[in-house]
Amino acid sequence: MATEGRRRLSLSLTAVVLLISVICAVVLALPGVTVTTKSLDELFLLLDGIHRIVTGQVPSRDFSTALGPLAFYGPAAGFALTGSLGAAMPVAMAIFTAMLALIASHVLVSRLHPFLAITFAAFLLLILAAPMNLGDAVTALSFAMFYNRIGWVALALLLVLYLSPHRSAQGSTLKDAAAAAALTLIMVYLRVSYGLVALGFLLFMTTDRGLQRWAALAIVLTALVLLFVELLWGGSSTYLRDSWLAMRQTSADYLQLGVAHLADFLLLSLLAGLALCRRWNVRDFVFFIFCGTAGLWLLSQNVQGWGIISIHAAAAVAAQRLLQQMDEGSGTREGAFVNSAGIKLFFLAFVLPTALHCAMALALHAGAATVRAGQALELPRLSGIRLADLWTGGDFGGGRWYLSTVEDGLSLLARQDTPIGRLAVVGAVDAFSPVLGLPPADGGVVDLRWSGMEAVSPQRALAGAETILFRNPGDTPVGAAALYLDFAGRNFSRVGESQHWILFRRSQPTAVLQ
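Residues numbered from 1 in each chain as written. Predicted model: local features only at pLDDT ≥ 70, side-chain atom pairs only at ≥ 80, totals over all residues. Heavy atoms only, no water.

J.: Mind showing me how you'd approach the pairing of strand β8 (residues 493–497) here?
T.: In the sheet, β8 pairs with strand β9 (residues 501–505) via four bridges, with the strands oriented antiparallel. Across the sheet, residue R494 finds its bridge partner in β9, namely F504. Here β8 hands over to β9 after three residues, the two strands then running antiparallel side by side. (Pairing = 2+ DSSP bridges. Helix = DSSP H or I, 4+ residues; strand = E, 2+ residues; numbered from the N terminus.)

See below:
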């Protein structure tokens with residue numbers, strides 16, 4: 001009877017986790033509109049990626065990028081299902097939310113106390129669904145760098161697999177291995193940095209006699225899928241090279257990042273300290289250190305001021321350890337300070353602010369999208385995208401100014417008598433190819449903004465381009481701007497100029513730049 005009760009409870013918990021994901025996905029995707037209040041250039045970068053996939057280009061094979069193919073094929077899937085660039089990102093994130101919820105319904109339910117499982121599931125799924133960068137204000141709606149939220153959530157679920165399953169869930173080695181392999185592959189094909197941490201964790205798990213079977217099997221499954229994908233894709237070496245260049249260019253103040261997360265580290269230290277004091281375990285100690293240090297390193301690779309979600313995963317593990325010790329009767333009596341209800345409330349207080357923050361952002365986006373708030377982008381194919389001023393005057397003003405530069409570039413292109421052909425945009429995001437339906441340049445680089453371009457040669461970045469739209473660097477260009485401007489002047493003809501742009505045409509469009 002006890003076993004049947006446990007099974008009924010597990011099924012109900014699974015249903016709750018899946019229900020939360022369905023609510024989040026529907027609220028996000030149903031309006032079919034993208035509302036953004038900031039980072040309009042980053043949104044155009046995503047649209048450029050969708051356009052490249054739709055036109056038949058393959059990431060890290062036809063164009064260079066430090067992002068994995070999943071960061072492009074996910075949004076492209078949203079576009080394929082809807083046929084709308086405005087609905088592409090909400091639907092894509094709804095797909096990711098549903099996909100990770102299926103894994104979460106196994107991982108969290110099989111290892112965490114019911115209260116912890118539901119609370120942590122809601123926390124992670126709201127992070128996934130909320131169209132905002134972690135650490136931003138509720139009104140800072142944007143799908144920019146969506147892959148970081150997916151990476152954090154996938155990593156958090158993988159870290160929870162550190163716990164042994166409940167007795168009723170034992171014997172699920174294949175499910176655990178499949179879940180771990182799926183989470184690892186998601187991270188590998190989003191960004192190499194997340195994949196490295198995931199693979200390091202799996203190697204660490206092979207040292208646990210009780211759990212090494214699923215960990216070893218997960219490594220084998222991951223390796224087989226990586227090999228199969230490489231045989232079909234053939235872009236792994238380019239992907240690793242571009243990712244390595246991006247990581248080398250990243251500089252971060254770890255002390256500043258640590259101070260920004262001091263409260264989270266202290267809260268984790270309290271939970272972990274209580275668990276280790278009640279029952280010392282070297283592996284648990286190493287696990288908590290790994291979650292903190294690996295999370296801090298990952299944050300240093302992101303354009304993100306706050307949000308080391310691996311800390312919250314470690315807190316879930318520590319809370320489960322404490323509740324398990326209390327259930328087993330570890331020899332230490334519960335008191336007024338350390339008891340089951342207190343541990344649950346402590347964990348709830350740890351994750352609740354972020355969960356509420358993300359829920360408010362999700363609800364705000366849904367409301368704004370439903371009433372079609374803000375300014376529609378008066379550009380071809382982009383009627384489903386709206387730039388809104390939701391008490392974000394500075395960001396809204398910046399977005400309108402950026403939009404005016406795009407319109408200025410479109411006007412310059414429209415004045416040309418000859419076909420544009422394959423376009424490369426230098427010094428800014430290519431907002432023009434997806435709007436005009438132009439074929440993107442082969443062999444190019446997705447993001448050619450000035451920052452970080454010194455590591456990419458003009459020969460490589462502009463290979464295959466027939467037309468270059470060059471962001472006007474002013475009278476005294478320096479660094480990458482000077483390098484690229486000199487190359488364009490020597491290999492292309494200057495055919496037009498506007499307030500924000502300089503237009504170059506190649507005299508022999510089929511020639512390969514050397």
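After that view of the structure, there is still more to cover.
J.: Any chance you could explain the packing of helix α5 (residues 114–129) against helix α15 (residues 340–370) here in plain terms?
T.: Two quantities define a packed helix pair, namely the angle between the helix axes and the distance between the axes. α15 packs onto α5 with a crossing angle of 25° between their chain directions and a minimal axis gap of 8 Å. With respect to α15, the axis of α5 lies roughly parallel. Regarding α5 and α15, the two cross each other, and that crossing is left-handed. Contacts from F115, L116, T119, F120, F123, L126, I127 and A129 of α5 reach α15 at K344, F347, L348, V351, T354, A355, C358, A359 and L362. For the contact of α5 with α15, the residue count by class is 14 nonpolar, two polar and one charged. (Axes fitted to C-alpha atoms, helices over the stretch in contact; angles between N-to-C directions. Parallel < 35°, antiparallel > 145°, perpendicular 65-115°, else oblique. Left-handed = near helix turned anticlockwise from the far one by under 90°. Contact = heavy atoms within 4.5 Å. Nonpolar A, V, L, I, M, F, W, Y, C, P; charged D, E, K, R; others polar.)

J.: Would you mind going over the sheet that holds strand β3 (residues 375–376) with me for this structure?
T.: Taken together, the three strands give an open sheet; going across it, the order is β1-β4-β3, and neighbouring strands pair in mixed fashion. Looking at strand neighbours, the two that pair on one side only are β1 (34–36) and β3, the edges of this open sheet. With three bridges joining them, β1 and strand β4 (residues 385–387) adopt parallel strand pairing. Pairing of T34 across the sheet is with I385, part of β4. Seen against the sheet, helix α4 (residues 85–111) touches β1 and β4 and runs at an angle of roughly 90° to β1.

J.: Looking at this structure, how should I read the nonpolar core?
T.: The tendency in soluble globular proteins is for nonpolar side chains to be buried as a group. Judged by nonpolar contacts, the single largest core of 150 residues is most densely connected at F44, L100, L108, F120 and W214. In contact with L108, other than residues within four places in its own chain, are A117, F120, A121, L157 and V160. Grouped together as the second largest cluster of nonpolar side chains are 19 residues, A461, L462, A480 and A488 included. (Core = buried A, V, L, I, M, F, W, Y, C linked by side-chain atoms within 4.5 Å. Buried < 20%, exposed > 50% of the residue type's maximum accessible area, 1.4 Å probe, protein only.)

J.: Explain the pairing of β9 to me, please; I cannot follow it from the model alone.
T.: For a regular strand, the rule is simple: side chains alternate between the two faces of the sheet. Extensive coverage of β9 is indicated by the burial of five of its five residues. Both faces of β9 are covered, namely the face carrying W501, L503 and R505 and the face carrying I502 and F504. In this structure, strand β7 (residues 467–471) lies alongside β9, joined through five bridges in antiparallel fashion. Its bridge partner lying in β9, I468 is registered against F504.

J.: Got a minute to help me understand the packing of aromatic side chains in this structure?
T.: For any pair of aromatic rings, the description consists of the separation of the ring centres together with the inter-plane angle of the planes. Summed over the entire model, instances satisfying the criterion amount to 16 aromatic pairs. Their ring planes at 90° and their centres at 5.3 Å tell us that F432 and W501 sit as a pair that is edge-to-face. Placement of F432 in helix α17 (residues 432–436) and of W501 in strand β9 is noted, with a sequence separation of 69 residues between them. Here the two residues F432 and W501 agree in accessibility, since each one is buried. Taken together, the ring pairs connect Y162, F201, F204, F287, F288 and F290 into an aromatic cluster. The residue whose ring lies beneath R471 is W501, and the NZ or CZ to ring-centre distance is 5.5 Å. (Phe/Tyr/Trp six-rings, centres within 6.5 Å; stacked < 30°, edge-to-face > 60°. Lys NZ or Arg CZ within 6 Å of the ring centre and 35° of its normal.)

J.: What is the right way to look at helix α9 (residues 212–233) in this model?
T.: An α-helical turn contains 3.6 residues, so a residue and the one three or four places further along point in the same direction. In a regular helix each residue adds 1.5 Å, so 22 residues correspond to 32 Å; α9 covers 31 Å between its end C-alpha atoms and thus fits that length. On its buried face, α9 sits against α4, α7 (173–188), α8 (192–205) and α10 (236–249). The positive-phi residue at the C-terminal boundary of α9 is G234, with phi of around 75°. (Expected span 1.5 Å × (residues − 1).)

J.: What am I meant to see in the pattern of salt bridges here?
T.: Pairing between side chains becomes possible if they bear opposite charge and their charged atoms approach one another. For the structure on display, the rule yields twelve salt bridges. Between R449 and D41 there is a salt bridge; the shortest N-O distance is 2.9 Å. One end of the pair, R449, is in the loop between β6 (444–445) and α18 (458–461); the other, D41, is in helix α2 (residues 40–54), with 408 residues separating them in the sequence. Classification of R449 as buried rests on a relative accessible area of 19%. For D208, the salt bridge is made with R283, and the minimal N-O distance between the two is 3.6 Å. Residue D208 is found in the loop between α8 and α9, and its partner R283 is found in helix α13 (residues 282–300); the two are separated by 75 residues along the sequence. The class of D208 is buried, set by a relative accessible area of 17%. Here the residues in one salt-bridge network are D41, E42, D447 and R449, joined through shared partners. (Salt bridge = Lys/Arg side-chain N within 4 Å of Asp/Glu carboxyl O.)

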